[in-house]
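Remarks on the overall topology
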Amino acid sequence: MNVLVINAGSSSLKYQLFNMDNEKILAKGLCDRIGLDGHLKHKPEANGKPVYDEDISLPTHAEAISAVIEKLTSDEYGVIESLSEINAVGHRVVQGGRKFSSSVLINDEVVAAIEDCVRLAPLHNPANLMGIRACQKNIPNVPQVAVFDTAFHNSMPQHAYTYPIPYKYFEENDIRRYGFHGTSHRYVSDIALDRLGLKSGSSKLITCHLGNGASLAAICDGKSIDTTMGVTPLEGVPMGTRSGSIDPSLVDIIASIEGTSLKDSMDVLNKKSGVLGIFGKSSDFRDIETAAGMDINTGFEKEGAPVDEKAKLALDVFAYQVAKFIGAYIVALGGLDALIFTAGIGENSPYVRRAVCKHLEGIGICLDENVNAVRASDYLDVTGKDSKSKVLVVPTNEELVIARDTIEIVK
Ligand code: ADP
């Protein structure tokens, strides 16, 4: 069975076609600049066919899906004969609100519930809905499944998800912590539990999904009991361009400094803050580490390399805040079996893992610096000799989780 996984943004649409008999990717790609001019990059993975990488007109998401289908089935770039070889479609949906604690088959009622969550995720859910509607139009009569970023965190206890603001905002407007990256936290924690032989007994894990967007989760016996992102993905640790948790008064203060609106302040916190805000030149950790005089492959200092102080500070702030939340979650869990690093930075930056773990030495958690400096594309145990908890690198695969959930539900 083949499953098409769709991750629709406001002007982009990422896709992967999986053969779920062997979980191999047949093709993947990205429609970019939808509604502007349009660009499609389509990469067949299976049969040695060439990559398609061209500007093409993509006025709407429906036209983008139609272009994707054309490429997936074309003689030159295709990996399937016809549309009938797509057996199901799985959609990433960012916000599932209080209603969804697992993935669901999409019907009118589910679409209405996703629409109802637009007020909680005005930047993301409308785009996800455009992706769903585009597939309903272009791939009719094929079951579609919604997989929510928030669902895994629905197990959080009330004291973890309740904000200390007037309670009516929760009762009347559903304002609470929801958390995101749920598919990633679920996937890597599941692998870690399996590898550590902790699937059936009690277990305490902290997963650090450190990418452009970053969040941590405290996972007790396989269930999320707390996470750093909130009602939106702005809360928590500093990120590429997002501030993470700050004094909320800054929204007002920035607006008065700039003489602009509160909405403009939110733009500053979403798009111009985080490590980009401090360093000023890039939000990419490879650039920041290089500017800070680090060898990005080993995570160690490069002898004689110049050190940009702001780059160094951005990294210090990031590592400190991640470590602080780890400390908080050890309290939430009452201990820790394993600390797990994943996503672009967590998987690929020995420097960040080392910098975070330096803060944890006082509570008996450390990594093996030499093993940590090894590049791995798979599960890697970087635990230090005397560490009280395991420290692991587990590559994430959110698309595979979506494809697996989709197959499970469609079957
Ligand atoms: P997202 O999916 O949130 O867009 P990713 O999980 O792909 O983000 O992570 C992107 C981040 O990973 C970028 O900041 C990038 O610099 C960082 N990254 C990728 N490779 C490395 C590396 N070798 N060293 C340090 N950071 C890296």
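If you're wondering where the values come from, they're calculated on a predicted model, not measured in any experiment. (Residues numbered from 1 in each chain as written. Predicted model: local features only at pLDDT ≥ 70, side-chain atom pairs only at ≥ 80, totals over all residues. Heavy atoms only, no water.)

**Looking at the site of the ligand**
Rules: Throughout, the term near means that a residue has one or more heavy atoms lying within 4 Å of the molecule or strand in question. Counted as a polar contact is a pair of N or O atoms within 3.5 Å, where, for protein atoms, one must be capable of donating a hydrogen and the other of accepting one, and residues adjacent in sequence contribute only when both atoms are in side chains. The Shrake-Rupley method, run with a 1.4 Å probe sphere, supplies the accessible areas, and residue values consider only the shown protein chains as cover. Put simply, DSSP H or I for four residues or longer makes a helix, DSSP E for two residues or longer makes a strand, and each gets a number counted from the N terminus. For this scheme, ten residues count as nonpolar: Ala, Val, Leu, Ile, Met, Phe, Trp, Tyr, Cys and Pro. Four count as charged, namely Asp, Glu, Lys and Arg, and the remainder, Gly too, count as polar.
The full set close to the ligand counts 14 residues, and Asn212, Asp284, Phe285, Gly344 and Arg375 are the nearest of them. In this structure, an oxygen atom belonging to the ligand sits 3.4 Å away from a main-chain N or O atom of Ile345. Protein burial of the ligand: of its 580 Å² of free accessible surface, 75% is covered by the chains. Contributions of two or more residues to the shell around the ligand are made by helix 10 (285-291) and helix 12 (343-348). Considering every element that reaches the shell around the ligand, the biggest residue donor is helix 12, with 4 residues. Classifying every residue of the shell around the ligand gives 3 nonpolar, 7 polar and 4 charged.

**A look at helix 11 (residues 309-333)**
Note the threshold: Expected span of a helix, by definition, is 1.5 Å for each gap between consecutive residues, and there is one gap fewer than residues. Three labels apply to residues, based on accessible area from a 1.4 Å probe with only protein chains included: buried if under 20% of the type maximum, exposed if over 50%, partly exposed otherwise in between.
Between its terminal C-alpha atoms helix 11 stretches 36 Å, which fits the 36 Å expected from 25 residues at 1.5 Å a residue. Listed as buried for helix 11 are Ala311, Ala314, Leu315, Phe318, Ala319, Val322, Ala323, Ile326, Tyr329, Ile330 and Leu333. Where helix 11 begins, the side chain of Asp308 points an oxygen toward the backbone nitrogen of Lys310, at a separation of 2.9 Å. Positive backbone phi, at 75°, marks Gly334, one or two positions downstream of helix 11.

**Examining the pairing of strand 3 (residues 24-32)**
As a reminder of what qualifies: Pairs of strands are assigned from DSSP output, requiring at least two bridges between the strands.
Sheet analysis places strand 2 (residues 13-19) next to strand 3, joined by 7 bridges and oriented antiparallel. The partner of Asn19 across the bridge, within strand 3, is Lys24. Taking the residues between adjacent antiparallel strands as the criterion, strand 2 and strand 3 are bridged by 4 residues, where Glu23 takes a positive phi near 60°. Taking the residues between adjacent antiparallel strands as the criterion, strand 3 and strand 4 (residues 39-44) are bridged by 6 residues, where Arg33 takes a positive phi near 55°.

**Some details on the side chain of Arg354**
Mapped onto the elements of the fold, Arg354 is located in helix 13 (residues 350-358). For Arg354, a relative accessible area of 15% corresponds to the buried category.

**Points about the environment of Ser389**
Using the following cut-off: For this analysis, residues touch if any pair of their heavy atoms sits within 4.5 Å.
Position of Ser389 among the secondary structure elements: in the loop between strand 13 (380-381) and strand 14 (390-393). For Ser389, a relative accessible area of 6% translates into the label buried. Sequence separation between Ser389 and Ile365 is 24 residues, and the spatial gap between their C-alpha atoms is 5.9 Å. Excluding anything up to four places from it in sequence, Ser389 contacts Leu336, Asp337, Gly364, Ile365 and Thr383. A distance of 2.9 Å separates a polar side-chain atom of Ser389 from the backbone oxygen of Leu336.

**Comments concerning the side chain of Thr228**
Tracing the backbone through its elements, the reader meets Thr228 in the loop between strand 11 (223-227) and helix 7 (249-258). Those residues in contact with Thr228, other than ones at most four positions away along the chain, are Arg177, Ala214, Ser215, Leu216, Glu235, Gly236, Val237, Phe325 and Tyr329.

**With respect to the packing of aromatic side chains**
What counts, and what does not: Put simply, two rings from Phe, Tyr or Trp (the six-membered ring, in Trp's case) pair if the centres are within 6.5 Å, and we call them stacked under 30 degrees between planes, edge-to-face over 60, tilted for the rest. Two limits define a charge over a ring: the Lys NZ or Arg CZ must be within 6 Å of the ring centre, and within 35 degrees of the ring normal.
One pass over the structure, following the stated rule, counts 6 aromatic pairs. With a centroid separation of 6.3 Å and an interplanar angle of 55°, the aromatic rings of Phe325 and Tyr329 are classed as tilted. Of this pair, Phe325 and Tyr329 both sit in helix 11, 4 residues apart, roughly one helical turn. Taking the ring centre of Tyr52 as reference, the NZ or CZ of Lys71 above it sits at 4.3 Å. Sitting over the face of the ring of Tyr379, Arg195 holds its NZ or CZ atom 4.0 Å from the ring centroid.

**Things to note about the pairing of strand 1 (residues 2-8)**
Buried residues dominate strand 1, accounting for 7 of its 7 residues. Note: strand 1 against strand 2, 7 bridges, orientation antiparallel. Each bridged residue has a counterpart across the sheet, and for Ile6 the counterpart in strand 2 is Tyr15. In this antiparallel pair of consecutive strands, strand 1 and strand 2, the connection spans 4 residues. As paired elements, strand 1 and strand 6 (residues 88-93) share 4 bridges and run parallel to each other. Bridging across to strand 6, Val5 finds its partner in Gly90.

**Here's the deal with the sheet that holds strand 10 (residues 214-220)**
Going by this rule: For helices, the axis comes from a line fit to the C-alpha atoms of the stretch in contact; other axes are also lines fit to C-alpha atoms, and the angle between any two N-to-C directions lies between 0 and 180 degrees.
The sheet built from 6 strands is open, its strands ordered 11-10-9-12-14-13 with mixed pairing. Each edge of the open sheet carries a strand with a single partner, namely strand 11 and strand 13. Where strand 10 meets strand 11, 4 bridges bridge the pair, whose relative direction is antiparallel. When the bridges of strand 11 are listed, Ile219 appears paired with Ser224. Strands strand 9 (204-210), strand 10, strand 11 and strand 12 (338-342) of the sheet are contacted by helix 11, whose axis makes an angle of about 155° with strand 9.

**Focus on the pattern of salt bridges**
Condition: Note on definitions: salt bridges are taken to be side-chain nitrogens of Lys or Arg within 4 Å of carboxyl oxygens of Asp or Glu.
By the definition in use, this model includes 22 salt bridges. One salt bridge connects Asp174 with Arg98, and the closest N-O pair in it is separated by 2.7 Å. Within this pair, whereas Asp174 is found in the loop between helix 5 (168-173) and helix 6 (182-196), its partner Arg98 is found in the loop between strand 6 and strand 7 (104-105), the two being separated by 76 residues in sequence. Residue class for Arg98 comes out partly exposed when judged on its relative accessible area of 40%. A salt bridge links Asp381 to Lys390, with the shortest nitrogen-to-oxygen separation between them at 3.1 Å. A relative accessible area of 30% places Asp381 in the partly exposed class. The exposure class assigned to Lys390 is partly exposed, which follows from its relative accessible area of 32%.

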